[in-house]
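Descriptive structure summary
Chain residues, written in single-letter form:
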Amino acid sequence: MSERPQPERTFVIGQAALTARAPEPALYLVATPIGNLADITIRALETLAAVDIVACEDTRITRRLLERYAIRRKPVAYHEHNAAEAGPKLLAALGEGRSVALVSDAGTPLVSDPGFRLARQALGEGIKVVPVPGASAPLAALVASGLPSDSFLFAGFLPAKAGQRRTRLAALATVAATLIFFESPRRLADTLAAMAETLGAARQAAVCRELTKAYEEVRRGTLAELGRHYAEAGAPKGEVVVCVAPPADDAPRAPEDVDALLLELAAEMPAAKAAGEAARMTGGAKAELYRRLIALKAETDGR
């Protein structure tokens, strides 16, 4: 049986041609630029040049990146429409001891793309999965938004249907973190209006568009202000990320959140003191919170 021919393992940065070291067999999750092709790491280039197979969402987009750095690879398609067919082939190659790099059209694989399925299958078969970090649209938007970055939640795309969208937003309303969403430009105005209605019109937010590209724009304001702007201006062009500030400290808590807080405090202090502390934290009446805590403890003891 003849040996499989080895691909040329080189890449070019500027005028320098570099030789990539052969990687160990594994599935490599390689982050790619979200716009500016210069936002690629040297490790990512070396990985793409060295692996046996480069799998991607759109071969045309990935081919442009490979050509930019003179990486002689013919990428293969792996996306949501062919995952059932392409996935087993990639897993078989990994099982034979070959190396596979998985990239998305832009950014970090597995973040709102079908690569999650392949990574889970590889892990289930005992195959090593290696992250090669780099560009990420949610993180780029977060740091450009000017909103708190000590705690954040990436919520992906909201449902397209209005009722489902409101339900999802309501579930996120009290999350004490900056919320990050992907959104379609044509739905942006409607989504901002729904956010203003559900999360609060005065809540601070930022719409980040075409990040790292020539027409990059970050528009900041309240949800109401941003909603009005895009309702009047129309759908913007390009990729959009929306960041929404955490609720204000004095925002009302949902009843189930207050219940959880009461039980948490009661586990560490007497009921009266727990009710007083909860009153200080939520602005509620101590007597009412005390009665609620006693009822919760009775329910818990009765189970």
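Relevant structure appears above.
Residues numbered from 1 in each chain as written. Predicted model: local features only at pLDDT ≥ 70, side-chain atom pairs only at ≥ 80, totals over all residues. Heavy atoms only, no water.

**What to know about the packing of helix α7 (residues 188–199) against helix α8 (residues 223–233)**
Rule in force here: All axes here are fitted lines through C-alpha atoms, helices being fitted over the stretch that makes contact, and every angle between N-to-C directions spans 0 to 180 degrees. A run of H or I in DSSP becomes a helix once it reaches four residues, and a run of E becomes a strand once it reaches two; helices and strands are each numbered from the N terminus. Comment on the angle field: the value is read as roughly parallel under 35 degrees, roughly antiparallel over 145, roughly perpendicular from 65 to 115, and oblique elsewhere. The crossing is said to be left-handed when, going from far helix to near helix, the turn is anticlockwise and less than a right angle, and right-handed when the turn is clockwise. Contacts are residue-level and defined by heavy atoms, with any inter-residue pair within 4.5 Å sufficient. When residues are sorted by character, Ala, Val, Leu, Ile, Met, Phe, Trp, Tyr, Cys and Pro go into the nonpolar class, Asp, Glu, Lys and Arg into the charged class, and all the rest, Gly among them, into the polar class.
Relative orientation of the contacting elements α7 and α8 amounts to 155°, with a least axis distance of 8 Å. Viewed along their axes, α7 and α8 adopt a mutual orientation that is roughly antiparallel. As for how α7 packs across α8, the hand of that crossing is left-handed. Judged by residue contacts, Leu188, Ala189, Leu192, Met195, Ala196 and Leu199 of α7 engage Leu223, Ala224, Leu226, Gly227, Tyr230 and Ala231 from α8. Of the residues assigned to the contact of α7 with α8, the class counts are 11 nonpolar, one polar and no charged.

**Considerations on a nonpolar patch on the surface**
This is how it is decided: Exposure above 30% relative accessible area and the absence of a salt bridge qualify a residue for a patch, where like charges join within 9 Å and nonpolar side chains (Val, Leu, Ile, Met, Phe, Trp, Tyr) within 5 Å. Method for areas: the Shrake-Rupley scheme with a 1.4 Å probe, in which residue coverage is limited to the protein chains shown. Whenever a carboxyl oxygen of Asp or Glu lies within 4 Å of a side-chain nitrogen of Lys or Arg, that contact is scored as a salt bridge.
On the surface, Ile13, Leu18 and Ile42 cluster together to form a nonpolar patch covering roughly 240 Å² of accessible area. If you trace the backbone, Ile42 turns up in helix α1 (residues 42–50).

**Regarding the layout of surface pockets**
Selection rule: Method remark: on a 1 Å grid restricted to protein atoms, a set of points is classed as a cavity if a 1.4 Å probe fits but cannot get out and as a pocket if it is open with protein on both sides within 12 Å along at least five of seven lines; lining residues have an atom within 4 Å of a point. Grid points are joined across faces, edges and corners, and a volume is the space filled by probe spheres set on the points.
By volume, the largest pocket is sized at about 940 Å³. For the lining of the largest pocket, the leading source of residues is helix α2 (residues 59–68), giving four residues. Classifying every residue of the lining of the largest pocket by side-chain character gives 18 nonpolar, 11 polar and nine charged.

**Details of the pattern of salt bridges**
Tallied over the entire structure, the rule returns 10 salt bridges. Here Arg60 makes a salt bridge to Asp58, at a shortest N to O gap of 3.0 Å. Residues joined by salt bridges that share partners form a network here, namely Arg209, Glu217 and Arg219.

**Regarding the packing of helix α6 (residues 162–172) against α7**
Where α6 contacts α7, the two axes come as close as 10 Å, and the packing angle between them is 45°. Relative to α7, the element α6 lies oblique. Handedness of the crossing formed by α6 with α7: right-handed. Contact residues: Arg165, Arg166, Leu169 and Ala170 in α6; Asp190, Thr191, Ala194, Met195, Glu197, Thr198 and Leu199 in α7. Of the residues that constitute the contact of α6 with α7, the class distribution is five nonpolar, two polar and four charged.

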